[in-house]
Amino acid sequence: MAGGRRRKIHFSRLFSFHCGKSSLQDEQSLIGGPGFSRVAFANDPDCFEAANRNYGLNYVSTTKYNLVTFLPKSLFEQFRRVANFYFLVTGGLAFTPLAPYSAGSAILPLVIVIGATMAKEAIEDWRRFQQDSEMNNRKVKVHRGDGIFELTEWKKLRVGDIVKVEKDEFFPADLILLSSSYEEAICYVETMNLDGETNLKLKQALEATSDLHEDSSFQHFKAVVKCEDPNANLYSFVGSMELQDQQYPLSPQQLLLRDSKLRNTDYVYGAVIFTGHDTKVMQNATDPPSKRSKIERKMDKLIYLLLFTLVLIAGIGSVFFGIKTNEDLSNGKVKRWYLQPQHTKVFYDPNRPALAAILHFLTAMMLYSYFIPISLYVSIEIVKVLQTIFINQDIQMYHEESDKPAHARTSNLNEELGQVDTILSDKTGTLTCNSMEFIKCSIAGTAYGRGSTEVERAMARRRGSPLIPENDNEDNAVNRPVVKGFNFTDGRIMNGNWVSEPNSGVIQKFFRLLAICHTAIPEVDEASGNITYEAESPDEAAFVIAAREVGFQFYERTQTSISLYELDPMSGNSIERSYKLLNILEFNSTRKRMSVIVRNPEGKLLLLSKGADSVMFERLAKDGRGFEESTKEHINEYADAGLRTLVLAYRELDEEEYEKFNEEFSEAKNSVSADRDEKIDAATEKIENNLILLGATAVEDKLQNGVPECIDKLAQAGIKIWVLTGDKMETAINIGFACSLLRQGMKQILITLESSSVVLLEKQGNKDALSKASKESVTRQITDGMRLLNASSTESFALIIDGKSLAYALEDDVKNLFLQLALGCASVICCRSSPKQKALVTRLVKTSTRKVTLAIGDGANDVGMLQEADIGIGISGAEGMQAVMASDVAIAQFRFLERLLLVHGHWCYRRISSMICYFFYKNIAFGLTIFLYEAYTTFSGQPVYNDWFLSLYNVFFTSLPVIALGVFDQDVSSRFCLKFPMLYQEGVQNLLFSWRRILSWMFNGVISAIIIFYFTTSAYEHQAFREGGQTVSRDILGAAMYTCVVWVVNCQMAISVSYFTLIQHIFIWGGIALWYIFLLAYGAITPTISTNAYQVFVEALAPAPSFWFLTLFVAISTLVPYFAFAALQMRFFPLYHSMIQWIRRDGGIDDPEYCHIVRQRSVRPTTVGVSARLDVKVSQIRSKVYNVV
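Computed from a prediction, not measured in an experiment: that's the story for all the values here. (Residues numbered from 1 in each chain as written. Predicted model: local features only at pLDDT ≥ 70, side-chain atom pairs only at ≥ 80, totals over all residues. Heavy atoms only, no water.)

## Some thoughts on the sheet that holds strand E8 (residues 223-227)
Selection rule: Strand pairing requires that DSSP identify at least two bridges connecting the strands. Helix and strand labels come from DSSP, where a helix needs a run of H or I of at least four residues and a strand needs a run of E of at least two; each type is numbered from the N terminus. For helices, the fitted line uses only the C-alpha atoms of the stretch in contact; every axis is such a line through C-alpha atoms, and the angle between N-to-C directions lies from 0 to 180 degrees.
The four strands are arranged E1-E8-E9-E10 in an open sheet whose pairing can be described as antiparallel. One side of each edge strand has no neighbouring strand; the edge strands of this open sheet are strand E1 (38-42) and strand E10 (246-250). Each strand axis lies, on average, 20° off the axis of its neighbour in the sheet, ignoring direction. With five bridges connecting them, E1 and E8 associate as antiparallel partners. By the bridge assignment, Arg-38 is partnered in E8 with Cys-227.

The structure is reproduced here in structure tokens:
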């Protein structure tokens, strides 16, 4: 429909926005003052005044670093971590004589770890740079003088440039619309990238510039635009254009925003006013809230704990060293002759023991640094990135219909997915499809539509009375093709049979209204001739499709008319009728209705209106309420069936009334004052009354596939589920029954403000009294609910609260009581919730319970909730990408949440928890041997290991197995994760990363270190090792002890792993083999480099049978305590995963009774879902049998 010249009209009459000349009063006077100082010289960006303004180019950068700032900023980020800063300090001290090892061996591990992390940062920033470059180098046509437009990169645009944007192109900057391919200078814009809305917005240029249709028209065009300064408000704009000494006000209707797309219009011309980071989309591009998992925050505490322990033992050792140093000289004899204190000035000077102790403290701080796992952070980052790849590649979470896989947009929260305690979910588009189907209607008091909804079928199952199958209906057309958006079956209406109905005239008006009262745009497929509709919402598309299927086909829209093919009741043929479109009174959340004013072919003026029943019935005329009661009854029935309803009404207007309205309406919409919307609403209020009721529509928003089953599994996993929706209470309740959040027999606690006293105060308009009474009513209802909750310990409760009540329940002095009630209920449904209320409820649950919260939604109205929750899940559905862009993980369907949490969440939580515990274990086992040797040598400050043995322990010999653990390990398979959802409670209760488990792993490290040290030293202390009868030296003892440590920590990993892969075998046994290879290679290097490790393996260790026997004996002896503990725990105190492993090995996995016993170990009883329903039925049957017996 784009293109083509049409008769010039004043399109400003159609929509409630300003579109032409208006007075320059009120806010126009602000221009030039503070906050309104922007001046753009259209088509003259090189003029002297423009150059003095010094506005930036259109280059946009979203990178964190650049070539100059990367090194300092990245280093600052790395050394903000206390562990890295500690290693930096010890690395600096390594260059002093205090160091117990060489400087190179101390610095290399730090360089590797910091370098790896910085490389990761650089790669991520490089990807952002590439995305920026792709956008900055896009091209657009720019006027270069003499009416010539040339392709120019976006980044070179300047304020004042005139650009030509063509169909399906993005706007390169914020533009003032000057003209378009339409005669009326209108265009259609898609703003999905800005606000997530997929519907098209209509924009129109000033009448003064609307005739600039050709490139040559801009040869002599000059204008000055004065407007507000750059800001983040997408929906407001104040400015003026000076053209040929005339001032014209500008409004949001002339503003085209960067990153929105031109649709259904061949081309537009625009003047650049905001560029680069001044554009509104970039002003809105704030960083999302920084989220860190609870495990990561706890890990920081562990690092501090280890640092405190390190300082403590270094201090104790230094005090002991000072005392021994003071006692070294006795009667002129040196006790510790091997330290040669007579040859030192400070370090071992018996005459200055205090100073010696202080210096020893610094040496000990360096020597004991191996208690701190230097590679922990970088290893976890690597593991998390690899985990997100597995999540993204999971074919079980791929939605073939929309071609959308799961997408983890951040790797910071992987383990948090395994600890979710409460899910807060949107309804429309999240639990439901947001794909509306016209299924029923009420016309002239008669209900039409014989189909049944999923909610009705669920209700029938509750009552035990199955519905008649739809295919039994006599009028169900067997061969009728499936039409998306239309699921209506009724022989009285379909196939033109409505003309025989008693109220055929009302039916005609009803479907004619549906075909006219909308803002949809028809698109004709040139190949097939089929018409599809681009509508603002799925509801509106369903209405237009329903009208078409009944015989009122909307096929063309111009700026002045709407054309239909209508079924003529008299002839039975389809005739063409065109309605002159005069005004569109748009829908908004305050008005809750939409109207159009048209002139029909007979010349009559008609007001056609559709809206919510809460606002429409009160606008009916006295003689227009003929079937009001029956319509209300039908609406209530439709709401009970989970359907969304709208009321349809109309009235005829006389010419005088319309002219008066149009004058007032035009004045209101041409206003640029702050109360413009109020003026428009006041004008529409006067004409949208005395309506004649036609009937009501009912559309079904179907549940997504697998939603009840998913909710059942999540409930079995001990996860509480709250639904926050903007729908009516009746609709929300019935959707709750359909998806098994509610069940028969569950007591409902309803909190509303529908009491007669509150309603009376609302009508009287006394706001203060109304607010006070409302708050008292809500508080009383919550208190009554708590009393009911406390009175029963066996029954399950559901809390249902509406938006008005929720506003008072969230006040500071009530919210804790409300939360206490909500947490005691099995299900919570918040109806009529605003986006802000959704975010506030999420914050309340998160901060008060201190448990992990997960919010899931699909629309722009869910963004606040997603960002407020610990984890935000975006559904990539029909409401744009705003929710996905604000989320941490994006999935295509709600049912994928089951696998995301119960499988990937559980695995990630277990892997990260085990990985961190193992890290601390292996570092304590290694570091404590250094401390024990220190104590053995009266804290001499000498390391038992070679410098490079120390440095490479965390980097090479023990790092890869722990990474493999974090990526591949599985306690149970995905099938068993789903078969036994209660396994997820390990994460909810944080059993695998509790202080008890962490400290037990640390204690295991202490035991391992003690056994390794004392067995090794005892074996070699008095044993002749060389042919001459000498005992072992420090180099041989260190190499032998180090070999035992490498074997023990790697074998500990082997017996801890539940699921072996080839990679894990390679990493575990390869780490041990790498140690021997290194020992051979390093020992072969000249002694100036290898120092005391020169040929230690070839000449000393390998030929000695005692070395091999000792290694085997120490490894087995060290692992026996852990093995014994694990066996006892498995036998007498098994965790959930241990029980499942046990029955899997016993072959009882298919034994229902055995599995039921295991499920009974669930800590939190299941109170919602299909399983809860079955449990209740079984309980009722048992009770009846017991009573009979």
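After presenting the structure, the write-up continues.
## Some points on the side chain of Glu-700
What counts is decided by this rule: In what follows, a contact means two residues having at least one pair of non-hydrogen atoms within 4.5 Å.
Note that Glu-700 resides in strand E28 (residues 692-703). Once residues within four sequence positions are removed from consideration, Glu-700 is found in contact with Ser-435, Met-436, Glu-437, Ile-439, Thr-453, Glu-454 and Leu-643.

## Considerations on the pattern of salt bridges
Where we set the bar: Counted as salt bridges are all cases of a side-chain nitrogen of Lys or Arg within 4 Å of a carboxyl oxygen of Asp or Glu. Throughout this description, buried means an accessible area under 20% of the type-specific maximum (1.4 Å probe, protein chains only), exposed means over 50%, and partly exposed covers the range between.
Here the structure, examined in full by the defined rule, presents 46 salt bridges. For Arg-492, the salt bridge identified is with Asp-490, shortest N-O distance 2.8 Å. For Arg-492, a relative accessible area of 26% puts it in the partly exposed group. Overall, Asp-490 belongs to the buried group, its relative accessible area being 0%. A salt bridge links Glu-657 to Arg-651, with the nearest nitrogen and oxygen atoms 2.8 Å apart. Accessibility expressed as a relative area gives 25% for Glu-657, which makes it partly exposed. The network of salt bridges with common partners includes Arg-593, Glu-618, Arg-619, Glu-685 and Glu-688.

## Things to note about a negative patch on the surface
The cut-off we apply is this: Within the patch definition used here, like charges are joined within 9 Å and nonpolar side chains (Val, Leu, Ile, Met, Phe, Trp, Tyr) within 5 Å, considering only residues with over 30% relative accessible area and no salt bridge. Computed with the Shrake-Rupley method and a 1.4 Å probe, the accessible areas treat only the protein chains shown as cover for residues. This count recognises Lys and Arg as positive and Asp and Glu as negative, with His and chain-terminal groups excluded. Charge positions come from single atoms, namely NZ of Lys, CZ of Arg, CG of Asp or CD of Glu.
Judged by side-chain charge, Glu-629, Glu-633, Glu-637, Asp-640, Glu-730 and Glu-754 come together as a negatively charged surface patch. As for its placement among the helices and strands, Glu-633 is situated in helix H14 (residues 628-640).

## Some words on unusual backbone geometry
Trans peptide bonds make up the majority, and among non-glycine residues the majority have a negative phi. At Asn-43, a residue that is not glycine, the phi angle is positive and equals roughly 70°. Here Asn-43 shows up in the loop between E1 and helix H1 (48-53). On the basis of relative accessible area, Asn-43 is assigned to the buried category, the value being 12%.

## What about the environment of Met-365?
Position of Met-365 among the secondary structure elements: in helix H8 (residues 353-367). Between the C-alpha atom of Met-365 and that of Tyr-86, which follows or precedes it by 279 residues, the distance is 9.6 Å. Leave out the neighbours within four places in its chain, and Met-365 touches Tyr-86, Thr-90, Leu-310, Val-311 and Ala-314.

## Re the state of the cysteines
Throughout this description, disulfide means a covalent bond between two cysteine sulfur atoms. Under the convention used in this document: Counting rule for disulfides: a pair of cysteine sulfur atoms within 2.5 Å.
As enumerated under the stated definition, the model contains zero disulfides in all. Residue Cys-830 stays outside any disulfide, its sulfur separated by 7.4 Å from that of Cys-831, the closest cysteine.

## Structural notes on the packing of aromatic side chains
For clarity, the cut-off: Aromatic pairs are defined between Phe, Tyr and Trp rings, using the six-membered ring for Trp, whenever the two ring centres lie within 6.5 Å; interplanar angles under 30 degrees are classed as stacked, those over 60 as edge-to-face, and all others as tilted. In this analysis the charged atom, NZ for Lys or CZ for Arg, is taken to sit over a ring once it is within 6 Å of the ring centre and within 35 degrees of the ring normal.
Evaluation of the coordinates by the stated rule reveals 54 aromatic pairs. Between Phe-1097 and Trp-1108 the ring centres are 6.1 Å apart and the planes differ by 80°, which places this aromatic pair in the edge-to-face class. Residue Phe-1097 is found in helix H35 (residues 1096-1101), and its partner Trp-1108 is found in helix H36 (residues 1105-1132); the two are separated by eleven residues along the sequence. Among the aromatic residues, ring-to-ring pairing joins Tyr-101, Tyr-370, Phe-926, Tyr-945, Phe-949, Tyr-953, Phe-957, Tyr-1042, Trp-1075, Phe-1078 and Tyr-1082 into one connected group. Residue placement shows Arg-38 over the ring face of Tyr-55; its charged tip is 3.9 Å from the ring centre. The ring of Phe-617 has Lys-632 sitting right over it, with the charged end atom 5.0 Å from the ring centre.

## Re the pairing of strand E27 (residues 643-653)
E27 sits mainly inside the fold: eight of its eleven residues count as buried. Across eight bridges, E27 lies against E28 in antiparallel orientation. Paired with Thr-645 across the two strands is Ala-698, which belongs to E28.

## Some words on the nonpolar core
Short version of the rule: Side-chain atoms within 4.5 Å link the members of a nonpolar core, which is a set of buried Ala, Val, Leu, Ile, Met, Phe, Trp, Tyr and Cys residues.
Counting 113 residues, the largest nonpolar core has Tyr-368, Tyr-945 and Phe-949 as the members making the most contacts within it. In terms of residues, this core owes the most to one element, helix H26 (residues 896-936), which gives 17 residues. The contacts of Tyr-945, once residues within four sequence positions are left out, are Phe-926, Thr-929, Ile-930, Leu-950, Gly-1038, Met-1041, Tyr-1042 and Val-1045. Counting residues in hydrophobic clusters, the runner-up holds 51 residues, among them Ile-443, Phe-488, Ala-520 and Tyr-555.

## Some words on the pairing of strand E4 (residues 162-166)
Looking along a regular strand, one sees the side chains alternate between the two faces of the sheet. Judged by how many residues are buried, E4 sits mostly within the fold: four of five residues are covered. In terms of strand pairing, strand E2 (residues 139-143) meets E4 through two bridges, oriented antiparallel. Across the sheet, residue Val-142 finds its bridge partner in E4, namely Val-163. Two elements, E4 and strand E13 (residues 267-274), share five bridges in a ladder whose sense is antiparallel. Paired with Lys-164 across the two strands is Tyr-269, which belongs to E13.

## Focus: helix H9 (residues 376-392)
Inclusion rule: Multiplying 1.5 Å by the helix residue count minus one yields the expected span of that helix.
Taking 1.5 Å of rise per residue, 17 residues should cover 24 Å, and H9 covers 24 Å from first to last C-alpha, within 8% of that figure. Those residues of H9 that fall on the buried side of the exposure criterion are Leu-376, Tyr-377, Val-378, Ser-379, Ile-380, Glu-381, Val-383, Lys-384, Gln-387, Thr-388 and Ile-391. The secondary structure elements touched by the buried residues of H9 are helix H3 (82-93), helix H4 (103-136), helix H7 (294-326), strand E16 (407-408), H26 and helix H28 (959-968).

## Describing the environment of Phe-1060
When you line up the elements, Phe-1060 lands in the loop between helix H32 (1034-1056) and helix H33 (1062-1083). Accessibility expressed as a relative area gives 33% for Phe-1060, which makes it partly exposed. It is 8.6 Å that separates the C-alpha atoms of Phe-1060 and Gln-970, two residues lying 90 residues apart in sequence.

## Details of the UniProt feature "active site" (unreviewed entry) in the protein
In plain terms, the rule: UniProt positions are given in the numbering used here, feature names are shortened, and annotations may be inferred rather than shown by experiment. Under this definition, polar contacts are N or O atom pairs within 3.5 Å; protein pairs additionally need one hydrogen-donor-capable and one acceptor-capable atom, and for neighbouring residues in sequence, both atoms have to be side-chain atoms.
In this numbering, the UniProt entry assigns the feature "active site" (unreviewed entry) to Asp-426. A distance of 3.4 Å separates the side chain of Asp-426 from the side chain of Thr-430, its partner in a polar contact.

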